[in-house]
Each structure stands twice: as structure tokens, then as C-alpha cells.
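# Tertiary structure, described
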Amino acid sequence: MIKVLDKHVADKIAAGEVIDRPVSIIKELVENSLDAGAGTITVEIRNGGKSYIRVTDNGCGIAGEEVEIAFRRHATSKITVAEDLNAIHTLGFRGEALASICAVARVELVTKTLDAKAGRRVVLEGSNIIENSTIGCPDGTTITVRDLFYNVPARSKFMASDSAETRRIIDMVSRIALSYPDVKFTLINGNSTVFATAGKGNILNSIISIFGADIGKDLIPVEDSLNGFVIKGFVSSPSSSSPSRSKQIFCINGRVVSSDILEKALDEAYREKLFHGRFPIAFLFLALPPEKLDVNVHPTKREIRFDDPYEISDFVIRSVKSALTVKEAVPHITTENVNTKPVKLFVAPEQGVQETIVKSIPVEPPVSGTPSNYNVKKTLSSKRESENLSAGPEITKPLVRPFDFENLTILGALFNTYIVAYDEDSFYLIDQHAAHERVFYERLLEQYNSKEKLRQTLIIPLNFNVSKEVVSFESEWIDRIRSIGYDIDFFGNNTYLVREIPAFMDIDEAEAFLKDMFSTLEDKPDLTNTGILEKIITRSCKSAVKGGDSLSKNERDALMKDLKNCVNPFSCPHGRPTFIRMTRHEIEKLFKRV
Ligand code: ADP
Ligand code: MG
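Per chain, residue numbering runs from 1 following the sequence as it is written. For naming, the first written chain is A and the first written ligand is 1, with later ones following in the order written. The predicted nature of this model means local features are confined to residues of pLDDT at least 70 and side-chain atom pairs, given and counted, to a pLDDT of 80 or more, with totals for whole chains, interfaces and linings taken over all residues. Only hydrogens and water are set aside when side-chain values are computed; all heavy atoms of the structure are taken into account.

### Comments concerning the confidence of the model for the chain
Stated formally: Confidence of the predictor at the level of single residues is given by pLDDT, which spans 0 to 100. Pairs of residues are marked as contacts when any of their non-hydrogen atoms sit within 4.5 Å.
Per-chain confidence: the chain averages 83 in pLDDT, with 85% of residues scoring 70 or above. With pLDDT under 50 throughout, residues 339–382 is counted as low confidence; its partners more than four residues away or in other chains account for 81 contacts. Note that residues 384–395 has pLDDT below 50 and, in this model, 48 contacts with residues that lie over four places away or in other chains.

### Concerning the packing of aromatic side chains
How two aromatic rings sit relative to each other is set out by the distance from centre to centre and by the angle between their planes. We count it as follows: Under the pairing criterion, centres of Phe, Tyr and Trp rings, with the six-membered ring standing for Trp, must be within 6.5 Å; the plane angle then separates stacked pairs below 30 degrees from edge-to-face pairs above 60, leaving the rest tilted. Each helix is a run of H or I in the DSSP string that is no shorter than four residues. Each strand is a run of E no shorter than two, and both are numbered from the N terminus. Each residue is assigned to one of three classes by its accessible area relative to the maximum for its type, calculated with a 1.4 Å probe on protein chains only: buried under 20%, partly exposed between the two thresholds, exposed over 50%. Sitting over a ring, as applied to charges here, requires NZ of Lys or CZ of Arg to be within 6 Å of the ring centre and within 35 degrees of the ring normal.
Under the criterion given, the structure shown has 17 aromatic pairs. Aromatic side chains Tyr486 and Phe513 sit 6.3 Å apart centroid to centroid with 15° between the ring planes, which places their arrangement in the stacked category. Residue Tyr486 is found in the loop between helix 14 (474–484) and strand 24 (487–492), and its partner Phe513 is found in helix 15 (residues 507–521); the two are separated by 27 residues along the sequence. Comparing Tyr486 with Phe513 shows no difference in burial state: the two are buried. A connected cluster of aromatic rings, assembled from ring pairs, spans Phe403, Phe405, Tyr428, Phe570 and Phe579. Here Arg46 stacks its cationic end above the ring of Tyr52, 3.9 Å away from the centre of that ring.

### Quick notes on the environment of Asp147
To keep things clear, this is the line we draw: The definition of a polar contact used here is a pair of N or O atoms within 3.5 Å, where within protein one atom must be able to donate a hydrogen and the other to accept one, and adjacent residues in sequence count solely through side-chain atom pairs.
Here Asp147 shows up in the loop between strand 8 (140–146) and helix 4 (153–156). In sequence terms Asp147 and Gly49 are 98 residues apart; their C-alpha atoms lie 8.7 Å from each other. Ignoring anything within four residues of it in the chain, the contact list for Asp147 reads Lys50, Ser51, Val104, Ala105 and Arg106. Within the local environment of Asp147, its side chain forms a polar contact with the side chain of Arg106, the two groups lying 2.9 Å apart.

### Section: the sheet that holds strand 24
Threshold: When DSSP finds at least two bridges between two strands, those strands are taken to pair. Each axis is a line fitted through C-alpha atoms, taken for helices only over the stretch in contact, and angles between the N-to-C directions span 0 to 180 degrees.
Within the open sheet, the three strands sit side by side as 23-25-24. Their pairing is antiparallel. Every interior strand has two partners, whereas the edge strands, strand 23 (455–465) and strand 24, have only one. Looking at each pair of strands side by side, their axes are set apart by 20° on average, direction ignored. As paired elements, strand 24 and strand 25 (residues 495–502) share five bridges and run antiparallel to each other. Each residue of the ladder has a partner; that of Asp487, found in strand 25, is Glu500. On the sheet, helix 14 packs against strand 23, strand 24 and strand 25 and is oriented at approximately 140° with respect to strand 24. Of the strands in this sheet, strand 23, strand 24 and strand 25 are in contact with helix 15, which crosses strand 23 at around 40°.

Have a look at this one:
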């Protein structure tokens, strides 16, 4: 039942202006439709939503005697007492949206509940009801919003161009549609359908309907749970990253959220796997016990506050990192990026998807979602354990397999540069130089972080001649170099003497590494900044490790063994791949066998 909240409850809600542009209206209306348990939601817009927005749903509808009160401020059917704010299960709860919308636009509401004989049509202008009549209509609700800000011209100035507002709307509706794969969403702009999802509960299919088949090809499923936290969804393999964060979608308990914490966690999970300026693609659905987060922070509810940000961040890092250990995360050559001629034989994107999704298998056990109000009610009534909270409806995922170094057969080396290997279904090239850099870097970090430094003493010490400037701020860098395992001392006359070097380096490497360090120190970098320090170290690793040497079989085997022990074996510290992989199927496609 829709009631106006008691003043003391209303006062506890983070208040604020909800409506600033067309997209905010659409967001509120679509959330209402979802809260109403709709299985089908159609959004239509014209002129970027400025002149016309219509949202139609087949949800529970509003009872005839409640339609007027629904437009009052703080009128909601979703919470009653202040305690309800601690565990919100619906998208709306402020009871402000309809009131705010009708204050700034011409609104028409047509609605019918399942058990009502007839529906109701209400027309409002500037918050005044100018019509309230019975009408024949299907079950559900249709809200039409025309001429946004017709009565507040000052605000219409702050809207962007029609096309920019349209882009915002497409972005937002896509995000919501993705987080509700059980709901059939259609977005219509003017006379054309922007996208339509099937509403059959398959997240991967929704991703493909909204973003196109290309994106679906290289996605790796993420699935994990811990202490009542559940995560599901997809992330891109490191080789198909994106130049912006626009394809990172986070959904928590059925709510699309923006969160620095989740973005940072994702970055951390991909650390050293991506080049600077590239971002992973991610569609992640989390379910957390409601008491672990506060959604009552911001009036549009996009921002949330976590009870324990470290807990959630660690959970996401762990889950995504472990998802990225599969074979499919090894950069993959496909027939699409190999130039096949004649052009006609170019592989259609759909086929690419089919290929990567070797077999579509449902995740076991299939789970129902929390997202819509309808499902939430079900969840509440069965008082399910928080472990059973699902992060979204059943998803179909591509089959992925763990990568196992033990299964590799090494054939030799190509051009003295690439190790050639294969396993039961894939062919690999391993860049010796990148691999060596990775191994070198991880050993260096290990040494840097451990108390015991494993060193070797040189018979003839190494000499380094540096500039006066470098000597002048010795106290800032010398201990860092010692931490790596060098025994280094000032010898006078701008010279440093190194008597011991880290055990894992050979003399040439040790020398090249320090040379590079010293040349970077000329610029007096801020070594207290760990980011800068790390950059210097990764750069110096690169100089230390030489490329192009032919390796003996034993050296090759040793390198592969070292690589196997790395935390991040698939990329060098700069994000370049150490491995590339081609599946047997791709090879067969190139030879036109399939
Ligand atoms: P809130 O969503 O915060 O409760 P709103 O102003 O968005 O507040 O909506 C007020 C009330 O109107 C809701 O609580 C709900 O009962 C009813 N309502 C709004 N939209 C719909 C809809 N599409 N279907 C059914 N009921 C709706
Ligand atoms: Mg609402």
C-alpha cells in the first residue's frame, strides 16, 4: 500500500534533487517498473528524452484509489519505518521520484492491477492532477513524460544536445538491462529500436544483444563466493581490453552502481596484465548481505557505501585474479586477426562467439535472482541464508579450463626468440625475452620484500660513476638498492662500488639493471611514491634482460619452469604478453578444414 512516510522517517533519507536530465527520469521510472516485478519493460524516447519519454511495464500496477497519492512527496509502498532503511530490498524507497517528475514535466499515468476490472488514467501538469478517470488497459503501468522542464526554462539550459542526452540514456538503460537478464528490455529511440534483450536470463546473450557479438567472444566467466558474498559475471581476457571504463558494469544486489572501490579492485586484479591506459571490460554481479552496504548515500542511489571496503575489494580481486588463470586468459590469436584471403572467407563475428563458447553449459546450481521486487519477495519469504543470495539469474558461460604448464610440450624455438609449445588443444608461442623479464621482475620483488637477501660476492667489484646530483641525495635511494640485494657503498669521487649482487642475476644483468637505475636517478624522481619506484624498477628489469639470445634446451626448460612459478605468468611487467595462443580449431579454420 502506498503511504506518505512519517516525517521522522522521511528526514532520515538522503534527500536531494533527483531529476536533472531525461536520463534520471528514465532511471527512476525503470526502477519503479522493476520494483513492480515487471518481466517486460519498454522505454521509448524522442529528442534525447526532452520532448517525450514513455516507459511501459507489465508489473503489478497501482490500485485505482492509490494513484493520486503515488505522486505525493515521500509516498512509497516500499518502506514504512526507519528500521527498514537498514535493509533495503527494492530499488526505490524514497517516495520522491514521481513527485519530482510531475513537478517539472507533463505526466500521464495509465495503470491497472491484475485484479482490477478497469485501469486508471491520471494526467498531471506541474504537480496538479487535471484528470483521473477509469480506462480500459492491459495489466501494468505506462508512464508518459512530455516537455521536460517546460515550466522551469532555466533548467532546460543545462541539458546537453539531443544526441548527448540520447547517449546517456542508451548507456544507462543498457546497464540496467544487463543487470536484469530475466527482464525483456526494449529501448526505442524515435522510430528505431536501439536494442532488445530476450529476457531469458542469459547474461552473455544480453551482453551480446546490447554490445554486439565481438565483445562476447573473449569474455572469461567469474564465479566465486565467500562468507555470504557472491560474485558472478564476465571479464575480458587481458588481450581484449578497452580504452575507457565505459564497459565496466557493476551490479550489487540488483542495483547498478558506480564505485571507485570496485574499479580499483578490478585494476588491481589486472595489474601488470594491461598496458597503461587500457581498462578491462567487466560485467560483474555481486550479491552481498544487505547489512554490508548502505545505499542511502546519494539521492540517485548510484553510489553506495560499503560496511567494509577492504573486504569487498579483496573478494573482487581474488575472484577476478583466479578467473584470469584460465587458458582463455592467454592472449589468443583468432582467424579474425589473421588476414585470411579471399576476404569472403573472413569469419563472421557470430561464428567467433560460437567458437569461444565451446559449449554453453549452465552454471550449477541454477539460481534465481534477487533483482526484481518479485524475486526479492520470494527470497524473503523463504528466508534463505545469505550464502544462497544469488548475484543474478542463471548465467550461461563459456567453458574455460585451467592452464597447466605441465601439459605443455616444448618443440623448440622460432627465430631464436619464441619458444614453440603445444598442449592437447592449443598451440603457443612464448616470447623468451618477455618471459625472462617477468621471471626477473618477480624475483626482484620477492627479494626486495624479504628480509633475507640472497647475494653473490663478486671477485672484481663493479664500479659506477654517477653525477654529483645523484650522490647528493644518496640517502633517498641507497637503501632501496640495498634492499634488492646489492652491497653498494660510496667510494669517493662520484663513484660507487658494488661488491655483492643479488644471487638470481648474472653479472651483466646486475650491471645493466643498476646502470638503468642510475640514469633514472639523474631526474631526481620521488622515490617515496611507490608508483614511481615500481616504474623505475620495471624499466630497469627491461634493460637488464637481453633479448634475441638463443637458449639451449636446458635454459629453455629452466625458463619455463621459472615462468610457471610466477604469480602473473602471462604478461611481462609492462603488460605485454609473454604467451600467445592459437586453438586447434582456429588453425583448422585457417586451413579451411572446418
Ligand atoms: P519509491 O519508488 O521510492 O517508492 P516513487 O515516487 O518512485 O517512490 O513511486 C511511488 C510509489 O508509486 C511506489 O512506491 C509504488 O508503490 C508506486 N509505483 C510507481 N511506479 C510504479 C509502477 N511502474 N508499477 C507499480 N507501482 C508503481
Ligand atoms: Mg521509485
